[in-house]
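Letter by letter, the chains look like this.
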Amino acid sequence: MKNTFGSAVSLTIFGESHGPAIGAVLDGLAAGLPVDETFIADRMDRRRARGDGLSTARTEADKVEFVSGVLDGRTTGTALTLLVRNTNTRSGDYAKTAALLRPGHADYTAFEKYEGFQDARGGGHFSGRITAASVAAGAVCERVLRDLGVRVYTHIARCAGIEDAPLSSAAGLVLSEPEPGRFALLDPEREAPMQAAIRAAGAEGDSVGGVLETIVTGVPAGVGEPWFDSVESTLAHLLFAVPAVKGIEFGAGFAMADWRGSFANDAFRMRDGRIVTATNHNGGVNGGIANGMPIVLRTVVKPTPSIYRAQQTVDYPARRDAELSIQGRHDPCIVPRAAVVQNTLTAFGILDLLSVRYGTLAQKHGLPRD
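The rules we used
- Residues numbered from 1 in each chain as written.
- Predicted model: local features only at pLDDT ≥ 70, side-chain atom pairs only at ≥ 80, totals over all residues.
- Heavy atoms only, no water.
- Helix = DSSP H or I, 4+ residues; strand = E, 2+ residues; numbered from the N terminus.
- Rg over C-alpha atoms; globule rule 2.2 N^0.38 Å.
- Buried < 20%, exposed > 50% of the residue type's maximum accessible area, 1.4 Å probe, protein only.
- Contact = heavy atoms within 4.5 Å.
- Areas by Shrake-Rupley, 256 points an atom, 1.4 Å probe, with all protein chains shown as cover.
- Lys, Arg positive; Asp, Glu negative; His and termini not counted.
- Charge placed at Lys NZ, Arg CZ, Asp CG, Glu CD.
- Axes fitted to C-alpha atoms, helices over the stretch in contact; angles between N-to-C directions.
- Parallel < 35°, antiparallel > 145°, perpendicular 65-115°, else oblique.
- Left-handed = near helix turned anticlockwise from the far one by under 90°.
- Nonpolar A, V, L, I, M, F, W, Y, C, P; charged D, E, K, R; others polar.
- Salt bridge = Lys/Arg side-chain N within 4 Å of Asp/Glu carboxyl O.
- Phe/Tyr/Trp six-rings, centres within 6.5 Å; stacked < 30°, edge-to-face > 60°.
- Lys NZ or Arg CZ within 6 Å of the ring centre and 35° of its normal.
- Polar contact = N/O pair within 3.5 Å; in protein donor to acceptor, adjacent residues only side chain to side chain.
- Pairing = 2+ DSSP bridges.
- 1 Å grid on protein atoms, 1.4 Å probe; cavity = no way out; pocket = protein on both sides within 12 Å on 5 of 7 lines; lining within 4 Å.
- Points joined across faces, edges and corners; volume = space filled by probe spheres on them.

Draft legend 1. Region of the structure containing the overall build of the chain. The number of helices and strands found in the chain is eight helices and 18 strands. For 370 residues, the compact-globule formula gives about 21 Å, and the C-alpha radius of gyration of the chain, at 21 Å, lands near that figure. Reported as C-alpha extents along the three principal axes, the dimensions of the chain are approximately 70 × 50 × 35 Å. Buried residues in the chain amount to 51% of all 370 residues. Counted over contacts in the chain with a minimum sequence separation of 6, partners at least 24 positions apart contribute 72%. Per element, the accessible surface of the chain, about 17200 Å² overall, is 53% carbon and sulfur. Once the 38 positive and 41 negative side-chain charges of the chain are each reduced to a mean point, those two points are 1 Å apart.

So this is what it looks like as structure tokens:
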């Protein structure tokens, strides 16, 4: 099992959904960086469930405990290890259906890979619960990026078929964050219909998905590699590791399939002594390398596979067809909670890319600017 990702800065995740705790290890951070526990708590609060019918009834405080690598609010330069305790598990909800493969889940593939020795309670290591640890680690990275003049912002571009205002409508790219507990939207008026659609699906024992859109500003041109460690491949690798992400595009993405090159190309221009592009159809990346424009990406988040409708499946040990009625506590939609997961993991990926380009000391002393 591969649980570590990153080059100059690495992230390791560990734990299971119903184990004592989940956690993460960040290695490669320079000494003396701020570890802002208030900022991290805010990011954790944006991910946690509230038992409001829009997310799972499994609610936990998700307090982050720092085990190593932090002293007096600053990194020590050694591996930063953090824990998030699991305090509200109900493993018995899964006992009756443990042999039945949940459609859309990793139950079958986990059986085949780990030969039945995996911890299947609540999805085990495959559970979206593990993203709490990645949010905490990513929040550390996001806070470092802010001091470097790099901002990461994620909003719900579409959920349950209802669209947010387009990113192009954000005048001057001054993007304000929502209050905790509110949806990350450019147009707050879209929240009520989104919530209504989520609740309607939940009332029918079903679920819905959506699209998350992220923009990163402040990344200098020249970051990234042409091939296997490109900006796009690095971020895609990270975000495809988030449970339920089934697609990703950068810039105009799949829309380019119907365009001509004369429209898809971003013309270069001089503005205030800097080279910029007149449009940003390529999402701030050319040849795998950042071109200094905002990096824009979108992911598709599938409907939550745990639904309360009866489903056809297989009894794995008995090797016979069966019917499954899922028990437990599940989200009718994970898109609102997944926004901060995408935001913080993107921040980690960007910090790693910057550290590869400029060295880890740039985390503390700043990035070269034109």
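From this point, the discussion proceeds with the structure in view.
Draft legend 2. Fine view of the packing of helix α3 (residues 131–147) against helix α7 (residues 335–358). At a minimum axis separation of 7 Å, α3 and α7 run at an interaxial angle of 50 degrees. It follows from the interaxial angle that α3 and α7 lie oblique. The chirality of how α3 crosses α7 is left-handed. Residues T131, S134, V135, G138, A139, C141, E142, V144 and L145 of α3 pack against V340, V341, N343, T344, L345, A347, F348, I350, L351 and L354 of α7. Partitioning the contact of α3 with α7 into residue classes produces 13 nonpolar, five polar and one charged.

Draft legend 3. Broad picture of the pattern of salt bridges. Following the criterion strictly, the structure yields 21 salt bridges and no others. D62 is paired through a salt bridge with R129; the nearest N and O atoms lie 2.8 Å apart. Taken together, the residues D62 in the loop between α1 (37–47) and β4 (64–68) and R129 in the loop between α2 (107–114) and α3 connect sequence positions 67 residues apart. Exposure remark for R129: the relative accessible area of 8% places this residue in the buried category.

Draft legend 4. Up close: the packing of aromatic side chains. Under the defined criterion, the tally for this structure stands at four aromatic pairs. Linked through ring pairs, Y108, F111 and Y316 together constitute an aromatic cluster. The ring of Y316 is capped by R319, whose NZ or CZ atom sits 4.4 Å from the centre of that ring.

Draft legend 5. Spatial organisation of α1. Buried within α1 we find F39, I40, R43, M44, D45, R46 and R47. Against the buried residues of α1 lie β4, β7 (80–85), α3 and α7. Measuring from the backbone nitrogen of T38 back to the side-chain oxygen at the start of α1 gives 3.1 Å, which picks out D36 as the cap.

Draft legend 6. How the structure looks around the sheet that holds strand β2 (residues 10–15). Strand order in the open sheet made by the five strands is β1-β2-β3-β7-β4, with antiparallel pairing throughout. The open sheet has two free edges, formed respectively by β1 (4–6) and β4, since each of these has just one partner strand. Ignoring strand direction, the axes of neighbouring strands in this sheet form an average angle of 20 degrees. Across the sheet, α3 touches β2, β3 (21–27), β4 and β7, and the angle it forms with β3 is around 30 degrees.

Draft legend 7. Quick peek at the side chain of S127. Among the structural elements, S127 can be located in the loop between α2 and α3. A polar atom in the side chain of S127 sits 3.0 Å from the backbone nitrogen of R129.

Draft legend 8. Just empty space enclosed by the protein, in detail. Scanning all chains against the criterion turns up two cavities of 30 Å³ or more. Of the pockets and cavities examined, the largest cavity occupies roughly 360 Å³. In this structure, the largest cavity is lined by 22 residues; those nearest its centre are R46, R182, F183, A184 and P336. Counting residues per element, the ones that place at least two in the lining of the largest cavity are α1, β8 (151–159) and α7. Counting residues per element, the lining of the largest cavity draws most heavily on α7, which supplies five residues.

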